[in-house]
Amino acid sequence: MRIILSFLMLFTGINIATAQDFKFGKVSKEELQEKSHPLDPEANAAVLYRESKSSFNYTQENGFMITTEVFERVKIYNKDGFDWANKEVSVYKASNRNKEEVTGLKGYTYFLDENGKVDDVKLKSDGIFEEKVSKYRTVKKFTMPALKEGCVIEYRYKVKSPFVSNIDTFMFQETIPVNKVSFRFAAPEYFNYNPHQRGWIPFQIKKDGRQRTMNYRYTRSNLETGSVIGNTVNQEVTFQENISEVEITDMPAIKREAYSGNLNNYTTSLKLELAYTRFPQSPLETYSTDWEAVSNQIYKAESFGDQLHRTGYFEKDLDQILANATGGNEKAILIFEYVKSKMNWNKYQGIYTDEGVKSAYKDGVGNVADINLMLTAMFRYAGLDANPVLVSTKSHGIPIFPTRNGFNYVLSSVESNGTVMLFDASDKSSEPNVLNDKLLNFQGRIIRENGSSNWVALVPKKPANEAYMISSKISPEGLVSGSVKSQYSGNLALDNRHRYNSLSASEIESEMEEDYGQVEMSETRLENGADPYKPLKLDFSFETEDYLEDIDGNLYLSPMLFFSMDENPFKQEDRKYPIDYGYPQKEKYMISIDVPEGYKVESLPESVNAVVGERMFGFKYLCSESNQKIQLLAEFSINTSFIGAENYTDIKDFYQFIIDKEKEKIVLSKI
C-alpha cells in the first residue's frame with residue numbers, strides 16, 4: 001500500500017509539474033473549459049502564464065544588444081475581458097541605426113469547436129499596426145482575432161534593443177489574476193544593474209551565474225582613418241554571465257477603483273537600473289547618478305538647452321505685443337496667450353524638440369517641448385526669470401531613481417518673489433498654475449540657466465471650486481422643474497472647458513442627461529469658455545419625474561435632486577494603494593425649493609457639519625424652511641489631494657455617511 005501511495009503521489013506531482021510547464025501552442029482543453037478563475041471568480045480574465053527572458057549579444061556594427069523574448073497566455077472568461085486581447089509594445093528610436101525592433105510576432109486565439117476539440121485562429125497582419133507617439137517613439141499594437149467568451153489567447157515576440165541602460169519595467173501583477181510569471185535577465189559581467197522592487201507584495205530575486213562563451217565577428221580597421229586593413233575575424237570570448245530570476249505563482253489582482261491615479265506606481269513590479277559598466281582594459285564607468293546630474297545632462301542636449309538660446313525668429317512679433325506692457329505678470333500673461341494662440345500642439349509629448357523651436361514657430365505646430373521651450377525663451381527675452389520644468393505624466397509613472405527616461409513632458413516656469421508660476425502653452429484652455437490632470441504627478445524638476453535644479457510642486461494648494469444655485473418647484477402633476485446656475489474655477493473649470501468648449505448647447509445637454517439620468521435639460525448656456533481668467537459658467541433648466549414620490553397623499557422629495565451621491569466609489573474591504581484626487585476641491589450647492597400650494601413641511605433632514613481625519617474632508621448639510629420655501633446648503637470639501645491607504649476605511653465610511661444623509665427625504669403633507 002505504501003508503494004502504491006508513493007507511486008500515486010509521484011504521479012500526481014508529475015502531472016502538476018507538467019501542467020505548469022507552459023509551451024507556446026500547447027493550450028489544453030482544461031484551460032478552455034474553465035468557466036471562472038478558481039481564486040478570483042469575479043475576474044473577467046486571467047494571465048495564465050507570463051514569461052520574459054533577456055540576454056545580451058554583441059556585433060561590431062551595433063555593439064551590445066539586449067534581446068528580450070516575451071511569451072504570454074491569457075484566459076478570457078467573458079466579454080468584459082476582451083480588452084486583454086489588445087496589446088501594445090513601445091519601441092524607441094534614437095536614429096535610423098540606433099533603434100529597437102520587434103521581431104517574431106506570433107499569436108493565436110484558441111477555443112473549443114462544436115465537437116469539443118481545440119481549434120485556433122492565427123493573428124494576421126491586418127490585426128497588427130503601428131502608431132507614432134513622438135519623433136523617437138512608436139507603439140506597435142496588435143489585436144487578437146476571433147474572440148469568444150471562454151477563449152484562450154497567447155502570443156510571443158522578441159524585442160531587440162541597443163539601449164542597455166533603459167530596461168523596461170517588468171510587471172508581475174495586473175488588474176486581473178496572474179497564475180504564473182517567470183522573469184529571467186542574464187547580463188555579462190561587464191554590466192551591473194541595481195534592482196528596484198515596487199508594490200506591497202514581496203518577492204525574492206534569485207541570483208545565479210555561469211560561464212558563457214560568445215562568438216562574434218569583426219573587421220579590422222585603421223582606428224584613425226576607419227579604412228579596412230584586414231579580413232573579417234571570428235572572435236570567441238568567455239565571460240561570467242550574471243543571472244537574475246523571479247518566479248511567482250498565484251499573484252492576486254490589484255483592483256482598480258475610483259481615484260487610483262496610475263496603478264503601475266503601486267503594482268508589484270521590477271525595474272533594473274544600470275549602475276556601472278566595467279569592460280576589460282577599461283576603467284569603471286558609473287551610470288547611477290543624482291537628479292542634479294540628470295537635469296544637467298538634459299539641459300546640455302541640443303534639442304533642449306540649445307533651443308533656449310535660438311534667436312532671430314520671434315523678437316519682432318514679441319516687441320509689438322509687449323509695447324505697452326509694464327509689470328512682469330502682465331508680460332508673462334501676454335506672452336503666454338500669444339504662444340497659445342500662435343502654436344498648435346501636434347499631440348506628441350517628450351522633453352526634446354522634434355524640428356526645433358524656429359521651425360515650429362514658422363509652421364505654427366510643434367510638440368510639447370517645441371512649444372514650452374519656445375515660451376521659456378520668450379519669457380527670458382522679456383526679462384523674466386524663466387526656466388523649463390521637467391515632468392513625468394501620471395501615465396508615465398513616478399521616477400523611482402535618477403534617469404533621463406524618468407521624464408516625458410516639459411513645462412515653462414517664471415519665478416518671482418520666491419514663488420513659481422507654471423505654464424503649459426500646448427493646452428489652449430489652460431491658465432497659469434492650472435495644469436491638466438495628467439500632469440499633477442507630485443513634483444517636477446526645474447532646471448535653471450546657471451545649471452542648478454530642484455523639485456517644484458505640481459499639485460495646486462488652492463482648491464478648485466464648483467458652485468451651484470438651484471431654484472426648483474413642484475407642479476400639480478408631480479414634476480420637479482427649475483433652473484441651475486453653476487460656476488467652476490481652477491482645475492474643475494479646466495476639465496469642463498476640455499469637455500464642453502467644442503460642443504453645441506444641445507450636445508452639452510445630451511452629455512449632462514447621460515450623467516444625471518432621467519432628467520430633461522434645456523436652455524443651456526456656456527459662458528467664459530474661451531476665457532480661462534474668468535470662472536466658467538454653465539446655466540440650464542431642467543425637468544424630471546424622479547426624486548419625488550406621492551405616498552398616501554404625502555410628498556417625499558430628495559432635496560439634492562440629481563446632484564446627490566448615489567453610489568459609494570470605494571467598494572473594497574481593504575485598499576493597499578493611496579487615494580489620488582489630483583487636486584484639492586470643493587463643491588457647494590445652494591438649493592431653493594418652493595413648497596406647493598396646499599402643502600406644508602412635515603419633516604426635514606437633520607442638519608450636520610462633519611469632518612474626517614485632520615480636516616482631510618468636510619461635509620456640511622444645513623436644511624431649513626421659511627415662508628413656504630425650503631433652503632438647503634450642502635458643501636463637500638476635499639482638502640488633501642493625496643491620501644494614504646491607511647485612511648481608506650475612514651474615507652469609505654465617510655462617503656457612506658454622506659450618501660445616507662443625502663438619501664433622507666423632505667416630507668410634505670397636505671394642509
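Residues numbered from 1 in each chain as written. Predicted model: local features only at pLDDT ≥ 70, side-chain atom pairs only at ≥ 80, totals over all residues. Heavy atoms only, no water.

### Some remarks on the overall build of the protein
Stage number 1. The number of helices and strands found in the protein is 10 helices and 36 strands.
Stage number 2. Each principal axis of the C-alpha distribution contributes one length, and for the protein these read about 105 × 90 × 45 Å.
Stage number 3. When each of the 671 residues of the protein is scored for burial, the buried share is 47%.
Stage number 4. For the protein, the accessible area works out to roughly 34,400 Å², and carbon and sulfur atoms hold 46% of it. (Helix = DSSP H or I, 4+ residues; strand = E, 2+ residues; numbered from the N terminus. Buried < 20%, exposed > 50% of the residue type's maximum accessible area, 1.4 Å probe, protein only. Areas by Shrake-Rupley, 256 points an atom, 1.4 Å probe, with all protein chains shown as cover.)

### Description of unusual backbone geometry
Stage number 1. In the Ramachandran plot, Asn417 falls in the positive-phi region, its phi being about 55° despite a non-glycine side chain.
Stage number 2. With respect to the helices and strands, the residue Asn417 is situated in the loop between strand E19 (409–416) and strand E20 (419–423).
Stage number 3. Positive phi values are uncommon outside glycine, yet Asp552 reaches one of about 55°.

### Considerations on the packing of aromatic side chains
Stage number 1. In this structure the tally under the stated criterion is 56 aromatic pairs.
Stage number 2. Between Phe142 and Tyr155 the ring centres are 5.2 Å apart and the planes differ by 75°, which places this aromatic pair in the edge-to-face class. Taken together, the residues Phe142 in strand E7 (residues 137–143) and Tyr155 in strand E8 (residues 152–161) connect sequence positions 13 residues apart. Considered together, Phe142 and Tyr155 belong to a single accessibility category, that of buried residues.
Stage number 3. Residues Tyr259 and Tyr581 carry aromatic rings whose centres are separated by 4.4 Å and whose planes lie at 45° to one another, so their mutual orientation is tilted. With a gap of 322 residues between them, Tyr259 in the loop between strand E13 (228–251) and strand E14 (269–277) and Tyr581 in the loop between strand E29 (579–580) and strand E30 (585–594) connect regions that are remote in the sequence.
Stage number 4. By relative accessible area, which is 35% here, Tyr259 ends up partly exposed.
Stage number 5. In this structure an aromatic cluster arises from ring pairing among Tyr259, Phe570, Tyr581, Phe617, Phe619, Tyr621, Phe636, Tyr648, Phe654, Tyr655 and Phe657.
Stage number 6. The lysine or arginine in question, Lys148, covers the ring of Phe111, its NZ or CZ lying 4.1 Å from the ring centre. (Phe/Tyr/Trp six-rings, centres within 6.5 Å; stacked < 30°, edge-to-face > 60°. Lys NZ or Arg CZ within 6 Å of the ring centre and 35° of its normal.)

### Comments concerning the sheet that holds strand E28 (residues 554–557)
Stage number 1. Strands sit in the order E27-E28-E36-E31 across an open sheet of 4 strands; the sheet is antiparallel. Unpaired on one side and paired on the other, strand E27 (548–551) and strand E31 (599–603) mark the two borders of the sheet. Neighbour-to-neighbour, the strand axes of the sheet open up by a mean angle of 30°, direction not taken into account.
Stage number 2. Two elements, E28 and strand E36 (residues 666–670), share 3 bridges in a ladder whose sense is antiparallel. When the sheet's bridge partners are listed, Leu557 is paired in E36 with Ile666. (Pairing = 2+ DSSP bridges. Axes fitted to C-alpha atoms, helices over the stretch in contact; angles between N-to-C directions.)

### Some points on the sheet that holds strand E26 (residues 536–544)
Stage number 1. Read from one edge to the other, the open sheet built from 8 strands follows the order E25-E26-E24-E23-E30-E34-E33-E32, with strand pairing classed as mixed. Looking along the sheet, the strands with just one partner apiece sit at the ends: strand E25 (520–527) and strand E32 (608–612). Direction aside, the axes of adjacent strands within the sheet are offset by 10° on average.
Stage number 2. Bridging between E30 and strand E34 (residues 629–638) involves 10 bridges; their strand directions are antiparallel. Following the sheet pairing, Gln585 is matched in E34 by Ile638.
Stage number 3. On top of the sheet, helix H8 (residues 490–500) reaches strand E23 (464–474), strand E24 (480–488), E25, E26 and E30; it is set at about 70° to E23, its chief contact. (Contact = heavy atoms within 4.5 Å.)

### Looking at the environment of Asn408
Stage number 1. If you trace the backbone, Asn408 turns up in the loop between strand E18 (386–391) and E19.
Stage number 2. Residue classification places Asn408 among the buried positions, given a relative accessible area of 12%.
Stage number 3. Separated by 208 residues in the primary sequence, Asn408 and Trp200 have C-alpha atoms spaced 26 Å apart.
Stage number 4. Beyond its immediate stretch of four places on either side in the chain, Asn408 contacts Gln349, Gly350, Ile351, Val391, Ser392, Thr393 and His396.
Stage number 5. Reaching out from Asn408, the side chain makes a polar contact with the backbone nitrogen of Thr393 at a distance of 2.9 Å. (Polar contact = N/O pair within 3.5 Å; in protein donor to acceptor, adjacent residues only side chain to side chain.)

### Considering the confidence of the model for the protein
Stage number 1. Mean pLDDT for the protein: 91, with 94% of residues reaching 70 or above.
Stage number 2. Overall, residues 221–229 carries pLDDT values under 50, and its contacts beyond four positions in sequence, including any with other chains, amount to 10 contacts. (pLDDT = per-residue confidence, 0-100.)

### A short note on the side chain of Arg497
Stage number 1. Structurally, Arg497 is set in helix H8.
Stage number 2. Despite being buried, Arg497 has no salt bridge partner; Glu431 is the closest side chain of opposite charge, sitting 4.8 Å away.
Stage number 3. Within the local environment of Arg497, its side chain forms a polar contact with the backbone oxygen of Asn528, the two atoms lying 2.9 Å apart. (Lys, Arg positive; Asp, Glu negative; His and termini not counted. Salt bridge = Lys/Arg side-chain N within 4 Å of Asp/Glu carboxyl O.)

### Regarding the environment of Ala645
Stage number 1. Relative to the assigned elements, Ala645 resides in the loop between strand E35 (642–643) and helix H10 (648–663).
Stage number 2. Note: C-alpha distance between Ala645 and Leu536 (109 residues apart in sequence) is 34 Å.

### Quick word on the packing of helix H5 (residues 328–342) against helix H7 (residues 368–381)
Stage number 1. Look at H5 against H7: their axes get within 10 Å of each other, and the N-to-C directions meet at 150°. With respect to their mutual orientation, H5 and H7 come out roughly antiparallel. In this structure, H5 crosses over H7, and the sense of that crossing is right-handed. Residue-level contacts link Ala332, Ile335, Phe336, Tyr338 and Val339 of H5 to Ile371, Leu375, Met378 and Phe379 of H7. (Parallel < 35°, antiparallel > 145°, perpendicular 65-115°, else oblique. Left-handed = near helix turned anticlockwise from the far one by under 90°.)

### Comments concerning the pairing of E26
Stage number 1. Most of E26 sits out of view: 7 of its 9 residues are buried.
Stage number 2. Inspection of the sheet shows E24 paired to E26 by 9 bridges, in the antiparallel sense. Note that in E26 the partner of Val480 across the bridge is Thr544.
Stage number 3. In this sheet, E26 lies alongside E25 in antiparallel orientation, the contact comprising 6 bridges. Following the sheet pairing, Glu527 is matched in E26 by Lys537.

### Overview of a positive patch on the surface
Stage number 1. A cluster of basic residues, Lys106, Lys122, Lys124, Arg156, Lys158 and Lys160, forms a positive patch on the protein surface.
Stage number 2. Take the positive patch: its biggest share by element is 3 residues, from E8.
Stage number 3. Take Lys122: it is sitting in strand E5 (residues 118–122).
Stage number 4. The class of Lys122 is partly exposed, set by a relative accessible area of 47%. (Patch = residues over 30% accessible without salt bridge, like charges linked within 9 Å, V, L, I, M, F, W, Y side chains within 5 Å. Charge placed at Lys NZ, Arg CZ, Asp CG, Glu CD.)

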